[in-house]
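What follows is the residue order along each chain.
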Amino acid sequence: TECVSGCMCPDGLVLDGSGGCIPKDQCPCVHGGHFYKPGDTIKVDCNTCTCNKRRWNCTDNPCKGTCTVYGNGHYMSFDGEKFDFLGDCDYILAQDFCPNNMDAGTFRIVIQNNACGKSLSICSLKITLIFAVCLKLVITEELLLEGRIQEIATNPGAEKNYKVDLRGGYIVIETNQGMNFMWDQKTTVVVHVAPSFQGKVCGLCGDFDGRSKNDFTTRGQSVEMSIQEFGNSWKITSTCSSINMTDLCADQPFKSVLGQKHCSIIKSNIFEACHSKVNPIPYYESCISDFCGCDSVGDCECFCTSVAAYSRSCSRAGVCIDWRTPAICPVFCDYYN
């Protein structure tokens, strides 16, 4: 409807939206509320789309899957399902030791949320990575706890199928099979899996089959309506207790108002270029919730984590936002470089 024939232009020409008349094949393409000229290209995930005669012609490359955990139990699965889940146990975040994987498994990521202070807010993670080599289940483990890496080799003679690297503020672990793991040494974990893992993984991150409807598949292979039941099914042990999600802002109106003020950066014009590509509301709401969970109002880590999560989603959508300042969640790149 942006480019249709009317009484303003001669036959065969249409309005260009700026008061001029152009041939139909010169009409722009529309994406995210923005107009693009014929021949313009945009990146959508791992594919490139080219504007041609009002239509987008896109490549059809299989893309890697990304699962993100951040802040106070906020998850985004490989297939893009967002949910909140808190637990005080060890849970399988992602693995390829699954019933729907006919190949031998290669990795398992176990995550534990550690609550701190008076509230139920999460301030650190304990993460265990278990790798398989030569078709054996447990060969090596990486234990990531408060910035320390402890390696436990059950078969010291086995050749490693992974490497550990420190990139900026992140600990990065890459496997030969195409699973990449990133941890900011606080509360954010990002797991990337290659397209070859599609439909072969399971855990809290889902099965990466391109459908979010079945992301709450339990360990027993049933689809659960309750997020709490789904999450609890991925416990390593059934003896630990479950935590019910509570509204951390309900009894703290002052913190809630202050959180809305700080977190409004997500809905502000700073991120305006991203709003049409990634919905800011879920990140804004999780930002306020996490802000209320901080023991100290001056503790900005809760706030920074949610804003950074939205920034990463924008980056994956092809929009890079320069939002950090010396006063807002600074990162000292000079130090890391």
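Definitions and limits used
Residues numbered from 1 in each chain as written. Predicted model: local features only at pLDDT ≥ 70, side-chain atom pairs only at ≥ 80, totals over all residues. Heavy atoms only, no water. Helix = DSSP H or I, 4+ residues; strand = E, 2+ residues; numbered from the N terminus. Buried < 20%, exposed > 50% of the residue type's maximum accessible area, 1.4 Å probe, protein only. Contact = heavy atoms within 4.5 Å. Areas by Shrake-Rupley, 256 points an atom, 1.4 Å probe, with all protein chains shown as cover. Expected span 1.5 Å × (residues − 1). Pairing = 2+ DSSP bridges. Axes fitted to C-alpha atoms, helices over the stretch in contact; angles between N-to-C directions. Disulfide = S-S within 2.5 Å. Parallel < 35°, antiparallel > 145°, perpendicular 65-115°, else oblique. Left-handed = near helix turned anticlockwise from the far one by under 90°. Nonpolar A, V, L, I, M, F, W, Y, C, P; charged D, E, K, R; others polar. pLDDT = per-residue confidence, 0-100.

Participant: Give me the overall build of the chain: which residues, what numbers.
Facilitator: Within the chain, the regular secondary structure consists of six helices and 19 strands. The buried share of the chain, reckoned over its 337 residues, is 44%. By sequence separation, contacts in the chain at least 24 residues apart represent 47% of the contacts at least 6 residues apart. Only carbon and sulfur atoms are counted for the fraction: they give 52% of the accessible area of the chain, which is about 17,400 Å².

Participant: Describe helix 4 (residues 281-293), with residues and values.
Facilitator: If you check helix 4, its first and last C-alpha atoms are 19 Å apart, about what 13 residues at 1.5 Å a residue would give, namely 18 Å. For helix 4, the complete set of buried residues consists of Y283, Y284, S286, C287, I288, D290, F291, C292 and G293.

Participant: Tell me about the pairing of strand 16 (residues 162-167), residues and numbers included.
Facilitator: Two elements, strand 16 and strand 17 (residues 170-175), share six bridges in a ladder whose sense is antiparallel. Bridging across to strand 17, Y162 finds its partner in T175. In textbook terms, the turn of a hairpin is the stretch between consecutive antiparallel strands, and for strand 16 and strand 17 this stretch comprises two residues, one of which, G168, has a positive phi near 60°.

Participant: Kindly report on the sheet that holds strand 7 (residues 55-58), identifying the contributing residues and their values.
Facilitator: Here we have three strands laid out as an open sheet, ordered 5-6-7, and antiparallel in their pairing. Sheet topology places strand 5 (41-44) and strand 7 at the edges, where each strand pairs with a single neighbour. Neighbour-to-neighbour, the strand axes of the sheet open up by a mean angle of 35°, direction not taken into account.

Participant: Could you give me a rundown of the state of the cysteines, with the residues and numbers involved?
Facilitator: Applying the stated rule across the entire model yields nine disulfides. Covalently, C98 is tied to C202 through a disulfide, its sulfur atoms 2.1 Å apart. Between C98 and C202 the sulfur-sulfur dihedral comes to about -90°; the bridge is accordingly left-handed. Of this pair, C98 sits in the loop between strand 11 (90-95) and strand 12 (107-115) while C202 sits in the loop between strand 19 (189-193) and helix 1 (227-232); the two residues are 104 residues apart in sequence, bridging distant segments of the chain. The same class applies to C98 and to C202, which are both buried.

Participant: Lay out unusual backbone geometry in plain terms, naming residues and giving numbers.
Facilitator: Glycine aside, the phi torsion of most residues is negative, and most peptide linkages are trans. The backbone of D45 shows a phi angle near 60°, a positive value even though the residue is not glycine. Mapped onto the elements, D45 comes out in the loop between strand 5 and strand 6 (47-52). Unusually for a residue other than glycine, R54 sits at a positive phi of about 70°. Position of R54 relative to the elements: it lies in the loop between strand 6 and strand 7.

Participant: Could you give me a rundown of the packing of helix 2 (residues 253-263) against helix 4, with the residues and numbers involved?
Facilitator: Between helix 2 and helix 4, the least distance of the axes is 8 Å, while the angle of their chain directions is 135°. One element, helix 2, and the other, helix 4, form an angle in the oblique class. With respect to the hand of their crossing, helix 2 and helix 4 are arranged in right-handed fashion. Residues K255, S256, L258, G259, Q260, H262 and C263 of helix 2 touch helix 4, and the partners they reach there are Y284, C287, I288, F291 and C292. Grouping the amino acids of the contact of helix 2 with helix 4 by side-chain chemistry returns seven nonpolar, four polar and one charged.

Participant: Requested: an account of the confidence of the model for the chain, with residues and values cited.
Facilitator: Summing up the model confidence of the chain, the mean pLDDT is 81 and the portion of residues at 70 or higher is 82%. Mean pLDDT across the elements of the chain ranges from a minimum in strand 14 (residues 136-145), with 46, to a maximum in strand 19, with 93. Contacts for the low-pLDDT stretch residues 134-141, under 50 throughout, to residues beyond four places or in other chains number 30 contacts.

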